[in-house]
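The residues making up each chain are set out below.
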Amino acid sequence: TIWPRPTSRRGIARTLIGEGRGAEQPRAGAAPPPEVAAEPVMGRSNVRVVVRARPTGSFASENFQFNEGSDSIDLRLPKDGSGGVVNNQQENWHFKLDKVLSNASQEQVFDACAREVVRSVMDGYNGTIMAYGQTGAGKTHTMTGGHVGFADRGIVPRSISQIYSEAAARPENNITIRLSYCEIYNELMFDLLTDVGVTEQSGDLHITEDAKGGVHVKGLSNPIASSEEEALHVFFQGDTNRHVAEHALNKGSTRSHCVFTIHVESRSRVESNEKVIYSKLHLVDLAGSERVKKTGTDGVTLKEASYINKSLSFLEQVVVALGDKHRDHVPYRQSKLTHMLKDSLGGNCKTTMIANIWPEAKMLEETTSTLRFATRMMRVSNDATVNVHLDPQLLLRKYERQIKELKQELAMHNTLANRSHVQYEEYTPDEQRELEGKVRMYLEGEMQDLEVVSVRMALEAFSCFRKLHNELRTELSRRPVVPAGVVGGMGEAAEGAGGEDGG
């Protein structure tokens, strides 16, 4: 299920932030909603995994048992009769997750999966929320929302709303919000926010890494959204450009991985404004894994399915490598998806994965595969830190201002101490010649003391000493060299003459 795509995007945005807000206001006398406890986000922490079961009228109660109190799932997978008499296939599975949600509303999903991550993004940490699962399990419904009404909106619209609410509650900071929307389709990358249509793009966007290991997509549009309404309009406008197709399990199956990113730049209005805090929130809607024999795809859709399954296999390889403490190499560059999510998987980020499952008897194999991947993802450890940068231009202006203030303070001090003649600027040529004359007199003994009144004078005096030393060395090198024998003969002749005089 995907969000409806009517003609007026701004109309939907106004509904989401205007009329719709009243739809979820608590009734008079109703108990206030429970507060979400703040969790520590500094240092190393594992990826948080939440399982969401798609509501279905054909729930396989004989195969599934959801334990929301202990956040675990017990699954019974009957043995395949084709395995023969000796069949060691495992029948009973027990999965322990961070959170299990069954028949949960969109608001409950957002509170459990995204609210704390969004708050940490506003504090300067990177965050990622991704939806994973088989096709038709409800990933796009979880991320984007349904078509019932305001209460049915997904994680992306709710995250946008919380971002701007948090920004409005922090008037001491100047916060700039930028958006980007990238689609990975058949291992090609497309910009969903550019004026150029997806069909006219070459799909050759490149992923680059900065000196600190941060991942960026070169050439991706990054427009500023000054309001919540504008941000929602940008998101829905990009959402209409996604590749969507129909198959046996899903009438609106997304055929690509999509990453909607909210970039937050925060500068303090109170403290030094050269310190800038950058953070980003990846909202990832992964394409669903498919079994071709069930979806019945062929032609272009079959080619898309092969690319989807291949990239998800590479994602699983990265997760397995990150969970193995003895592995040194992690194959991030095998696919565009894993390379783009390098920060989110084992990097500087706070990551939550929502594993969407379809608890029906005919989907047992796919559900088991999804839950096994979810438990592997829980072993991935990230190291989230605040992204603080110093603006070099503003830092230079700050230092210039400080130098000017220090000079003024020093001049005031010299005036009060009767040292107004002391100079701190570089000497003029006339002043250099005057100081050089004093240095010559000091060296020749005509002056007993050379009073140094400032560091600048000491530096200039050392320059004079170097200059006089070089001049003396040059003069000595130009004098004629007297041979050693001549010097010795002259000494003997002088001694002989002295002896005769003495006789």
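Residues numbered from 1 in each chain as written. Predicted model: local features only at pLDDT ≥ 70, side-chain atom pairs only at ≥ 80, totals over all residues. Heavy atoms only, no water.

1. Structural notes on the overall build of the protein chain
Okay, step 1: Regarding its fold elements, the protein chain presents 14 helices and 18 strands.
Okay, step 2: Per-residue burial for the protein chain yields a buried fraction of 45% across its 503 residues.
Okay, step 3: The contacts of the protein chain with a sequence gap of at least 6 include a subset with a gap of at least 24, amounting to 73%.
Okay, step 4: Per element, the accessible surface of the protein chain, about 27,300 Å² overall, is 51% carbon and sulfur. (Helix = DSSP H or I, 4+ residues; strand = E, 2+ residues; numbered from the N terminus. Buried < 20%, exposed > 50% of the residue type's maximum accessible area, 1.4 Å probe, protein only. Contact = heavy atoms within 4.5 Å. Areas by Shrake-Rupley, 256 points an atom, 1.4 Å probe, with all protein chains shown as cover.)

2. Things to note about the packing of aromatic side chains
Okay, step 1: If you walk through the whole model with that rule in mind, you get 9 aromatic pairs.
Okay, step 2: With 6.2 Å between their ring centres and 40° between their planes, Phe59 and Phe64 make a pair best called tilted.
Okay, step 3: When the centroid spacing of 4.2 Å and the interplanar angle of 25° are considered together, the rings of Tyr132 and Phe373 count as stacked. Remark: Phe373 occurs in helix H10 (residues 364-377) and Tyr132 occurs in strand S7 (residues 127-133); sequence separation between them is 241 residues. The residues Tyr132 and Phe373 share a single accessibility class, namely buried.
Okay, step 4: Taken together through their ring pairs, the aromatic side chains of Tyr181, Phe235, Phe236 and Phe260 make up a single cluster.
Okay, step 5: Over the face of the ring belonging to Trp358 we find Arg54, whose NZ or CZ atom lies 4.2 Å from the ring centre.
Okay, step 6: Positioned over the ring face of Phe150 is Arg153, at 3.8 Å from the centre of the ring. (Phe/Tyr/Trp six-rings, centres within 6.5 Å; stacked < 30°, edge-to-face > 60°. Lys NZ or Arg CZ within 6 Å of the ring centre and 35° of its normal.)

3. Regarding the packing of helix H8 (residues 300-323) against H10
Okay, step 1: Where H8 contacts H10, the two axes come as close as 9 Å, and the packing angle between them is 40°. Between H8 and H10, the angle is such that the two are oblique. Crossing of H8 against H10: the hand is left-handed. On H10, the residues touching Leu315, Glu316, Val319 and Val320 of H8 are Phe373, Arg376 and Met377. (Axes fitted to C-alpha atoms, helices over the stretch in contact; angles between N-to-C directions. Parallel < 35°, antiparallel > 145°, perpendicular 65-115°, else oblique. Left-handed = near helix turned anticlockwise from the far one by under 90°.)

4. Concerning the side chain of Thr367
Okay, step 1: Relative to the helices and strands, Thr367 is located in helix H10.
Okay, step 2: A distance of 3.3 Å separates a polar side-chain atom of Thr367 from the backbone oxygen of Trp358.
Okay, step 3: Leave out the neighbours within four places in its chain, and Thr367 touches Phe64, Leu75, Gln134, Ile357 and Trp358. (Polar contact = N/O pair within 3.5 Å; in protein donor to acceptor, adjacent residues only side chain to side chain.)

5. Concerning the confidence of the model for the protein chain
Okay, step 1: Per-residue confidence for the protein chain gives a mean pLDDT of 82; residues scoring 70 or more make up 83%.
Okay, step 2: Across residues 1-12, confidence stays below pLDDT 50; counting only partners more than four residues off in sequence or on other chains, it has 34 contacts.
Okay, step 3: Note on residues 19-41: pLDDT under 50 across the span, and 24 contacts to partners over four residues away in sequence or across chains. (pLDDT = per-residue confidence, 0-100.)

6. Quick look at the sheet that holds strand S5 (residues 92-96)
Okay, step 1: Read from one edge to the other, the open sheet built from 3 strands follows the order S3-S4-S5, with strand pairing classed as antiparallel. Two strands in the sheet have a free side with no partner beyond their single neighbour: strand S3 (64-67) and S5. The mean inter-strand angle of the sheet, taken between neighbouring strand axes irrespective of direction, is 10°.
Okay, step 2: In terms of strand pairing, S3 meets strand S4 (residues 72-76) through 4 bridges, oriented antiparallel. Counted as the bridge partner of Phe66 is Ile73 from S4. (Pairing = 2+ DSSP bridges.)

7. Some words on the pairing of S4
Okay, step 1: Hairpin connection from S3 to S4: 4 residues lie between these consecutive antiparallel strands, with Asp71 at a positive phi of about 55°.
Okay, step 2: Pairing of S4 with S5, which is carried by 5 bridges, proceeds in the antiparallel orientation. Counted as the bridge partner of Asp74 is His94 from S5.

8. Considerations on the pattern of salt bridges
Okay, step 1: Tallied over the full model, the rule gives 20 salt bridges.
Okay, step 2: Where Arg170 meets Asp123, a salt bridge forms, and the shortest distance between an N and an O atom there is 3.0 Å. Placement of Arg170 in the loop between helix H5 (155-168) and strand S8 (173-185) and of Asp123 in the loop between helix H3 (115-122) and S7 is noted, with a sequence separation of 47 residues between them.
Okay, step 3: Of the residues examined, Asp123 reaches a relative accessible area of 37% and is grouped as partly exposed.
Okay, step 4: Ionic pairing is found between Glu460 and Arg456, a salt bridge with its closest N-O pair at 3.7 Å. With a gap of 4 residues between them, Glu460 and Arg456 both fall in helix H13 (residues 455-478), about one helical turn apart.
Okay, step 5: On the accessibility criterion, Arg456 (22% relative accessible area) is partly exposed.
Okay, step 6: Three or more residues are tied together by salt bridges with common partners; here these are Glu116, Arg119, Asp123, Glu166 and Arg170. (Salt bridge = Lys/Arg side-chain N within 4 Å of Asp/Glu carboxyl O.)

9. Concerning the nonpolar core
Okay, step 1: Residues Leu97, Leu315, Met353 and Met377 are the most contacted members of the largest nonpolar core, which totals 50 residues.
Okay, step 2: Ranked by residue count, the leading element in this core is H8, at 6 residues.
Okay, step 3: With sequence-adjacent residues up to four places away left out, Met353 is seen in contact with Val47, Arg48, Val49, Val50, Met130, Tyr132, Phe373, Ala374 and Met377.
Okay, step 4: By size, the runner-up hydrophobic cluster in this structure holds 43 residues, among which are Ile177, Tyr185, Ala225 and Phe260. (Core = buried A, V, L, I, M, F, W, Y, C linked by side-chain atoms within 4.5 Å.)

10. Here's the deal with the state of the cysteines
Should the sulfur atoms of two cysteines be covalently bonded, the bond is a disulfide.
Okay, step 1: Under the definition given, this model contains 0 disulfides.
Okay, step 2: Looking at Cys182, it has no disulfide partner, and the nearest cysteine sulfur is the one in Cys258, 8.0 Å off. (Disulfide = S-S within 2.5 Å.)

11. Observations regarding unusual backbone geometry
Okay, step 1: Non-glycine residue Asn103 carries a positive phi angle of around 55°.
Okay, step 2: Asn103 gets classed as exposed once you look at its relative accessible area, which sits at 60%.
Okay, step 3: Located in the positive-phi region is Glu187, a residue other than glycine, with phi close to 65°.
Okay, step 4: Here Glu187 lies in the loop between S8 and strand S9 (188-191).
Okay, step 5: Given a relative accessible area of 26%, Glu187 falls into the partly exposed group.

12. Focus: the environment of Asp383
Okay, step 1: Position of Asp383 relative to the elements: it lies in strand S17 (residues 381-384).
Okay, step 2: With relative accessibility at 31%, the residue Asp383 sits in the partly exposed group.
Okay, step 3: C-alpha of Asp383 to C-alpha of Ser45: the two residues are 338 residues apart in sequence and 6.4 Å apart in space.

13. Overview of the side chain of Asn63
Okay, step 1: Checked against the element boundaries, Asn63 lands in the loop between strand S2 (48-53) and S3.
Okay, step 2: For Asn63, a relative accessible area of 10% corresponds to the buried category.

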